[in-house]
Structures are given as structure tokens and as C-alpha cells.
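# Chain and residue survey
Now for the letters of each chain:
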Amino acid sequence: MFAIIGLLVVIGCVAGGYIMAHGNFSVLWQPAEFVIILGAAIGTFLVASPMKVIKLTMKGFPAPSRPRRQARTNTSNCCAPSTTC
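Residues numbered from 1 in each chain as written. Predicted model: local features only at pLDDT ≥ 70, side-chain atom pairs only at ≥ 80, totals over all residues. Heavy atoms only, no water.

## Brief notes about the overall build of the protein
Under the convention used in this document: Only runs of H or I of at least four residues qualify as helices and only runs of E of at least two qualify as strands under DSSP, and these elements are numbered from the N terminus. Burial here depends on accessible area, computed with a 1.4 Å probe over protein chains only, as a share of the maximum for the residue type. Under 20% is buried, over 50% is exposed, and the range in between is partly exposed. A 1.4 Å probe and the Shrake-Rupley method give the accessible areas. Residues count as covered only by the protein chains that appear here.
Scanning the protein from terminus to terminus reveals four helices and zero strands. Order of helices (α) and strands (β) in the protein, N terminus to C terminus: α-α-α-α. Within the protein, the proportion of its 85 residues that are buried is 2%. Looking at the protein as shown, the accessible area adds up to about 8,300 Å², and 71% of this sits on carbon and sulfur atoms.

Encoded structure:
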């Protein structure tokens, strides 16, 4: 969750600063550049990592989009008025 908030803060600050400097947003949108950078990053990861790490990464990739499992604890008396046991 903090990673998403952090990314939004970074993007917001960069965009806000760019607007304050009277920048043109169409200059920032370069799809070919994104393809080049993403391809280089993925290719480098595949070349530099052993197969075990690649498989573990692919296995854990959808984890941030899944809801977290709550630990099952006995909380039935946590909000009850205090009683003597």
C-alpha cells in the first residue's frame, strides 16, 4: 500500500513541478521510450537471474493485487467490558 502511495506522491510532485515550470505534457509522453526502457529492464532481469528466481518472481507477481489473509486470532473478548476471571 505504501508503495502505491509513494508512487502517486512521486508522480504528483513531478507533474506538479512540471506544470509550475509551464512545461508541455505532450513532450513527456514518449511511448517508444517506455517500450525501450521496459524491454531493457525485463531483458536484463532475464539474463541476470537464475531460472529459480524468475519462476519465484512470476509466481509472486500477482501478489500485490490479491487481498491479504488475516491471521485468525481469538478476539471475541477484546471489546467486552472488563470482567474478573
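## Comments concerning unusual backbone geometry
Of note in this structure, histidine 22 is not a glycine but carries a positive phi near 60 degrees. Along the polypeptide, histidine 22 turns up in the loop between α1 (2-20) and α2 (25-28).

## Examining the layout of surface pockets
Going by this rule: Note on definitions: the grid is 1 Å and covers protein atoms alone; a cavity is a set of points where a 1.4 Å probe fits but cannot get out; a pocket is an open set with protein on both sides within 12 Å along at least five of seven lines; lining residues have an atom within 4 Å of a point. Grid points are joined across faces, edges and corners, and a volume is the space filled by probe spheres set on the points. In the scheme used here, Gly and all other residues not listed as nonpolar or charged are polar, with Ala, Val, Leu, Ile, Met, Phe, Trp, Tyr, Cys and Pro taken as nonpolar and Asp, Glu, Lys and Arg as charged.
The computed volume of the largest pocket comes to approximately 150 Å³. What lines the largest pocket is simply Met1, Ala3, Ile4, Pro64 and Arg68. Along the lines of polarity and charge, the residues of the lining of the largest pocket split into four nonpolar, no polar and one charged.

## Things to note about the packing of aromatic side chains
Short version of the rule: When two rings of Phe, Tyr or Trp (its six-membered ring) have centres within 6.5 Å they constitute a pair, described as stacked for plane angles under 30 degrees, edge-to-face for angles over 60, and tilted for the intermediate range.
According to the stated counting rule, one finds two aromatic pairs in the structure shown. Ring geometry for tyrosine 18 versus phenylalanine 25: centroids 5.7 Å apart, planes at 50 degrees, classification tilted. Classification of phenylalanine 25 by relative accessible area gives partly exposed; the value is 39%. Where tryptophan 29 meets phenylalanine 34, the ring centres are 5.4 Å apart and the plane angle is 45 degrees; that geometry is what we call tilted. Owing to a relative accessible area of 57%, tryptophan 29 belongs among the exposed residues under this scheme.

## Re a nonpolar patch on the surface
Spelled out, the test is: Patch construction takes residues with relative accessible area above 30% that form no salt bridge. Like charges are linked within 9 Å, and nonpolar side chains (Val, Leu, Ile, Met, Phe, Trp, Tyr) are linked within 5 Å. The term salt bridge refers to a side-chain nitrogen of Lys or Arg lying within 4 Å of a carboxyl oxygen of Asp or Glu.
On the surface, a nonpolar cluster with roughly 500 Å² of combined accessible area is contributed by Met1, Phe2, Ile5 and Val9. By the secondary structure assignment, phenylalanine 2 is in helix α1. Here phenylalanine 2 falls in the exposed class, since its relative accessible area comes to 74%.

## Looking at the confidence of the model for the protein
As a general rule, the predicted coordinates of low-pLDDT regions are not to be interpreted in detail. Let me state the cut-off plainly: Each residue carries a pLDDT score, the predictor's confidence in it, ranging from 0 to 100.
Confidence along the protein averages 84 in pLDDT terms, with 82% of residues attaining 70 or more. Mean pLDDT per element in the protein: α2 is the minimum at 82, and helix α3 (residues 31-48) is the maximum at 95.

## Let's talk about the side chain of serine 49
The criterion, for reference: In protein, a polar contact requires one atom able to donate a hydrogen and another able to accept it; more generally it is a pair of N or O atoms within 3.5 Å, and residues adjacent in sequence count only if both atoms are side-chain atoms.
By the element assignment, serine 49 lies in the loop between α3 and α4 (51-60). Serine 49 sits in the buried class, given a relative accessible area of 17%. Within the local environment of serine 49, its side chain forms a polar contact with the backbone oxygen of phenylalanine 45, the two atoms lying 2.9 Å apart.

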